[in-house]
Every structure is written in structure tokens, then in C-alpha cells.
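Given next are the chains, with one letter for each unit.
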Amino acid sequence: MNPYAHIRDLPAHAGETVELRGWLCGRRTSGKLIFALVRDGTGVCQCVVEAKTPDAFAVAERAPLESSVILRGVPRADERAPGGIEMHVADFTVIQGREGYPIARKEHGVDFLMNHRHLWLRSLRQTAILRVRHTLVAAARRFFDERGFTLVDTPIFQPGAAEGAGSLFPVEYFGERVYLAQTGQLYLEAAAMALGRVYCFGPTFRAEKSKTRRHLTEFWMVEPEIAFAELPDLMDLAEAFVCQLVEAALRERRDDLQRLGRDLAALERVAPPFPRITYTEAAELLRSDATHQRLVVELEADRARLTDSMRRLAELEARRHSETKAWRQDKLDDEIAALREELRELETDLANRPAHIESARRFQWGDDLGGDEETILTRQFDRPVIVTRYPRQCKAFYMKPAPDDPRVVLNLDVLAPEGYGEIIGGSQREDDLDALCARMKEEGMDPEPYEWYLDLRRYGSVPHGGFGLGIERTVAWICGLRHIRETIPFPRLIGRATP
RNA sequence: UCCGGCGUAGCGCAGUGGUAGCGCAGGUGACUGUUAAUCACUUGGUCGUAGGUUCGAAUCCUACCGCCGGAGCCA
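This section reports on the structure supplied with the text. The structure displayed is predicted, hence computed values, not measured ones.

Focus: the protein's contact with RNA strand B
Consideration 1: RNA strand B sits among 46 residues. The nearest are H108, S210, H215, L216 and R473.
Consideration 2: Those atoms of RNA strand B that come within 4 Å of the protein belong to sugar or phosphate at a rate of 50%.
Consideration 3: Here K209 contributes a backbone N or O atom positioned 3.0 Å from a base nitrogen of RNA strand B.
Consideration 4: Contact between RNA strand B and H483: a phosphate oxygen at 2.8 Å from a side-chain N or O atom of the residue.
Consideration 5: Breaking the surface near RNA strand B down by element, the ones donating at least two residues are β2 (18-30), β3 (33-39), β6 (85-96), α2 (110-115), α11 (326-361) and α12 (371-378).
Consideration 6: Here the surface near RNA strand B takes five residues from α11, the largest share from any one element.
Consideration 7: Across the surface near RNA strand B, the residue classes break down as seven nonpolar, 15 polar and 24 charged.

In C-alpha cells, the structure reads:
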């Protein structure tokens, strides 16, 4: 018999005596009553300890926050309890705990929280994100497993660069120099020629010195690769894949998404068909007068919003100044802080916008789509958009040029809505040996380390392709997070590799 | 690498040249239904570091360090 109950299952045990194991995450006292909040990973339960059980009362009164505890008692439905059910405690035992738990219920700064990431993970918000991440990872694997894909693990130590060499982490490997993987793709192509439909799912590393809310130096990518697949097949697969991820999150993690304040209606709109445009169409859209007009109007509207917010801030500050009651001052301080934060963001955004608008209007065919262009594009649609056929000079050597227009390659990017940017990048691969060699020569690449890769075009080459989806950007989008650092348990960012 | 912002108690912040402050957390006490409980009292400071200006610097200047955001680059 298992004598312990999980908080999630308490309603089924109402009226019975059960034992809970968990951590004390909050406490309110009221004379001869203690309300202890206990979490166990499945939920949070309010536990009531009364003075008429003096032993339990004495322990509950002194137990430091975040002590590990074992409680025996009777769960009872009670509408006064958060969650509708509470434990009436008979025994309260502390396994271990001490004073000084660093994270309080009030807000903390980013740096402090990042330094305490190992403890920050315990918070309701972080556990909600971790569960969504888990659901997306599981759904991604299920998606490919159900479609006959075989999981093939690709190496982390790799001899050379698949893409830009400036972004690799070098590692000393018994006197040789190797690099941490930034994609498993080349190896996956080899596996696709063996198994037909394959995917890999692992960490990837980029040494770019990007210090933004969208970048990690270590992130997880799921990459399918399919023999005999051509660009339209890849678009269909990517569309179905993204839809299944969103559906899984909505079905299995609705509560967590709500706790995170996610606008669920925006996610419900994610359904096929996704708009599909070519790079050339995207470039025309960016340069068009209509787009320019719209952006200018939006900018003016947001400027008005800024002035408005500044007026409101001044008003609040004046009220704060003349306010005499401490608790009202406190309330006003909170409002002022929130407004200041909002203003700071809006100001940065507005400061960048004229440059964005200008760069959109002056966008030249052949330029790569940067973050700003992506944002402007995705604002025109209410669901992810698929952009295909980029100029070949923007893209990697292994992408296959379009037979009907050799200036462009048969690639696809999927851009998430609401400003979250690229979540999928992929392409049909060059399957012709001579064309591939010519392209590598053009790029000034040494073919020697790639001989094994070229073998794939020598012995039974077929049209094939695949794509990669960045898990963290997907988690950020689906959870509606401002910053990618919360999407992974222990983020690795430029300038931070601890804890 | 460049641009901007920030650095004041354990945490979050106010303080624009004249005695170092507020809230939370911690401590003591009151309270039998709290929801970030409330109330009273209370502990806690090398104002990032170094130099400079000044009768006097948290406040002004210079350099450096750290953090945040953005650009470039990228998923």
C-alpha cells in the first residue's frame, strides 16, 4: 500500500486520513490557526493547523519556508481554500529546512533570479513553463513516431561547420580541434538514406555574441529528414507539426497556459492552412506603399500611447507625492513601477521603429530577412506564416536551387506570429554531386572534411530534405513569454553559464 | 564591437550638492478563516570600485567593473 497521496489526487481522498510529502511554500498565521501552503510537484494545497493539536502547531509555526515536510491529516472540500480543498492537519513533520530561503514572494530582479535559477525553478510560473516544455517535447516525438520516423541520435562533437564558422564553440579533442554541434542535419541525411524517415532531437550550440531575448548559446532542436521529400512535402509536414504542438499544449496544459496569462484565443487560431509566401513576395510586401503607410500609422498610434502613458505616470507620481496613507502609497508605488517598466519597453520599441520602417522600405531583393523584417511580416497574419525560396547567397551551401529560378533555393522558414520570429528553418537538399561540389567551391569550402557527405550523392542519391524546429522559441511563443531564458531549465546565454 | 539604461540594507526601490530612507523578507508580540492576511514594535548600510571637483558628494566629472535591453549576427 502506498500511504502517500499527491495533492492533485486529494479530491478523491476527501474525508480520509492521508499523508502528504512536499515543501512548505507559504504560511499565514492568525492567532490559533496556521494556514500552511504545501506544494509537492502536482499542486499546491492549503493545510490548516489548529492550536488544539499543539505538537503540530508548534512545528508548523517554526518551520522555515521551503522546508521539506510530511503531513498527516484529512482533506476536506472548503470554498474558502484556494483550489477548493484543504488539509486539516493532525501531524506536521519537518524533514529538513533552515531559515534564509532567498526567494520571497515579492518581485525580484532578473540577475538575482538567474543566480538562483536552481531555486527559482520551484515557483508556480517556472513549473508551469517546464510542464509546457515537457508537453511540447513529448508531442514532437509522438508526431514523428506516429508517422514512421526513426529517432537517430547525431554526434555533439563534430569536425567542422555546417553553417557559418564564426558561431562554433571549439573544443580540444585529444589534441585535435572539434566543435560542438550546431545541427545534426548532415548526419541525419546519411541516416535518411538508410532509414527513409528519420529525426534527431538534441542540444545544439551557437557561439554568436547575440544578447537579446531570442538567443541562447545552448538550445534544443528537433530535426526531421526525409528521403524522397521535396519542398511542398516539407511545407505540409511543418504545418501539421506546428499545429500538433499547439493542439497538445492547448489540450494538456490549458491550466498552465492560463496561469502564465497566455491569450488562448490567439493559439486557437493556429490551424491549417498557414499563409505561404515566397521571399520575393515578402520583399515586395515589405517595400510596398501600403505596408509603409500602415507602419507609419501604427507608429503614430504607439507614440500617442507613449505620451498618454507618460501623462498617466506624472499623474500617479503627483498622487503618490500627496498621499499620506502608507498602504495607498505602497499600492501607487506598485502601479508606478509597472507603468515605468511598460514605458521603458515602449520607448525602446519606439526608438527602434523608425529604423525598422526605413529598412523595410529600402529592403533590397537579396537582403536576408532580419528580426525587424520578420516582425513586420508576421504582424500581417494571425497564424504562423511559411516563407520559401530565399536568395541562395543568404543560405547554406547544401540547399538545392530552384530548377525554375537558380537565384533562389528550395528552402522554407516558418515564422511564428506575435513577433516571436523564426521557429523552423529547413530546405530541400542539393542531391547532385557536381552541383554540390560547385557550390562548395563557390563558398571557398575545403571539400576534404565533407567527403563522407559527398558519398551520399555518389551512392544512391535521391531528392530529400528536412527542417529544424527550435524548442525554446516554440516554448516562448506558445507560453507567450517575453524572454527565452525562462523556456529552458538552466539557460546558457552569452555571459552566463551558471548555475 | 557599437548604442542606451541601471548599480543605494538579504530582495525590490525612492532619494539631483547639506543628518541614509520606504516596502518586503528576518526578529518580537497580538489575532480561530487567512488568500501577497492585517496591526504594533524591531534588527539590518564600505550608496559597484578607484580617482577627481567641492567647505561638504549616493547626488557633479573621469576611468574601470558588473548587470539589463537593443543593433550587428543568428534559430
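Next comes the rest of the account.
Some details on the nonpolar core
Consideration 1: Counting 52 residues, the largest nonpolar core has F241, V242, L257, I424, W477 and I478 as its most contacted members.
Consideration 2: Sort the elements by how many residues they give to this core and helix α6 (residues 231-252) lands first, with 13 residues.
Consideration 3: Beyond its immediate chain neighbours, meaning those up to four positions away, I478 contacts V132, L136, L245, V246, A249, L257, R262 and L267.
Consideration 4: Formed by 22 residues, the second largest nonpolar core is a distinct cluster that contains I7, L71, I85 and V89.

A word on the sheet that holds strand β8 (residues 157-158)
Consideration 1: Here three strands make up an open sheet; going across it, the order is β8-β10-β9 and the pairing antiparallel. At either margin of the open sheet sits one strand with a lone partner, and together these are β8 and β9 (170-173).
Consideration 2: Two strands pair when backbone bridges link them, and β8 and strand β10 (residues 176-180) are joined in this way by two bridges, in the antiparallel orientation. Counterpart to Q158 in the pairing with β10 is Y179.

Description of the environment of G371
Consideration 1: Tracing the backbone shows G371 in helix α12.
Consideration 2: Judged by its relative accessible area of 32%, G371 falls in the partly exposed class.
Consideration 3: Separated by 204 residues in the primary sequence, G371 and S167 place their C-alpha atoms 18 Å from one another.

What about helix α9 (residues 279-287)?
Side chains of residues three or four places apart in an α-helix project in the same direction, reflecting 3.6 residues per turn.
Consideration 1: Buried within α9 are the following residues: Y279, A282, A283 and L286. Along the axis of α9, the buried positions cluster into a sector of 100°, meaning they face one direction only.

Concerning the pattern of salt bridges
Consideration 1: Counted by the stated rule, this structure contains 34 salt bridges.
Consideration 2: Between R262 and E418 there is a salt bridge; the shortest N-O distance is 3.0 Å. Within this pair, whereas R262 is found in the loop between α7 (254-259) and α8 (264-268), its partner E418 is found in the loop between β17 (411-416) and β18 (421-428), the two being separated by 156 residues in sequence.
Consideration 3: On the basis of relative accessible area, R262 is assigned to the buried category, the value being 8%.
Consideration 4: Through salt bridges with shared partners, a single ionic network connects R392, R439, E442 and E443.

Some points on the packing of helix α4 (residues 124-146) against helix α15 (residues 471-479)
Consideration 1: Two numbers describe how α4 lies on α15: the axes approach to 10 Å, and their chain directions differ by 120°. Looking at the two axes, α4 sits oblique to α15. In this structure, the crossing between α4 and α15 has a hand that is right-handed. Contacts from I129, V132, R133, L136 and V137 in α4 reach I471, E472, T474, V475, I478 and C479 in α15.

What counts, and at which threshold
- Residues numbered from 1 in each chain as written.
- Chains lettered and ligands numbered in written order.
- Predicted model: local features only at pLDDT ≥ 70, side-chain atom pairs only at ≥ 80, totals over all residues.
- Heavy atoms only, no water.
- Near = heavy atom within 4 Å.
- Polar contact = N/O pair within 3.5 Å; in protein donor to acceptor, adjacent residues only side chain to side chain.
- Helix = DSSP H or I, 4+ residues; strand = E, 2+ residues; numbered from the N terminus.
- Nonpolar A, V, L, I, M, F, W, Y, C, P; charged D, E, K, R; others polar.
- Core = buried A, V, L, I, M, F, W, Y, C linked by side-chain atoms within 4.5 Å.
- Buried < 20%, exposed > 50% of the residue type's maximum accessible area, 1.4 Å probe, protein only.
- Contact = heavy atoms within 4.5 Å.
- Pairing = 2+ DSSP bridges.
- Arc of directions from axis to C-beta.
- Salt bridge = Lys/Arg side-chain N within 4 Å of Asp/Glu carboxyl O.
- Axes fitted to C-alpha atoms, helices over the stretch in contact; angles between N-to-C directions.
- Parallel < 35°, antiparallel > 145°, perpendicular 65-115°, else oblique.
- Left-handed = near helix turned anticlockwise from the far one by under 90°.

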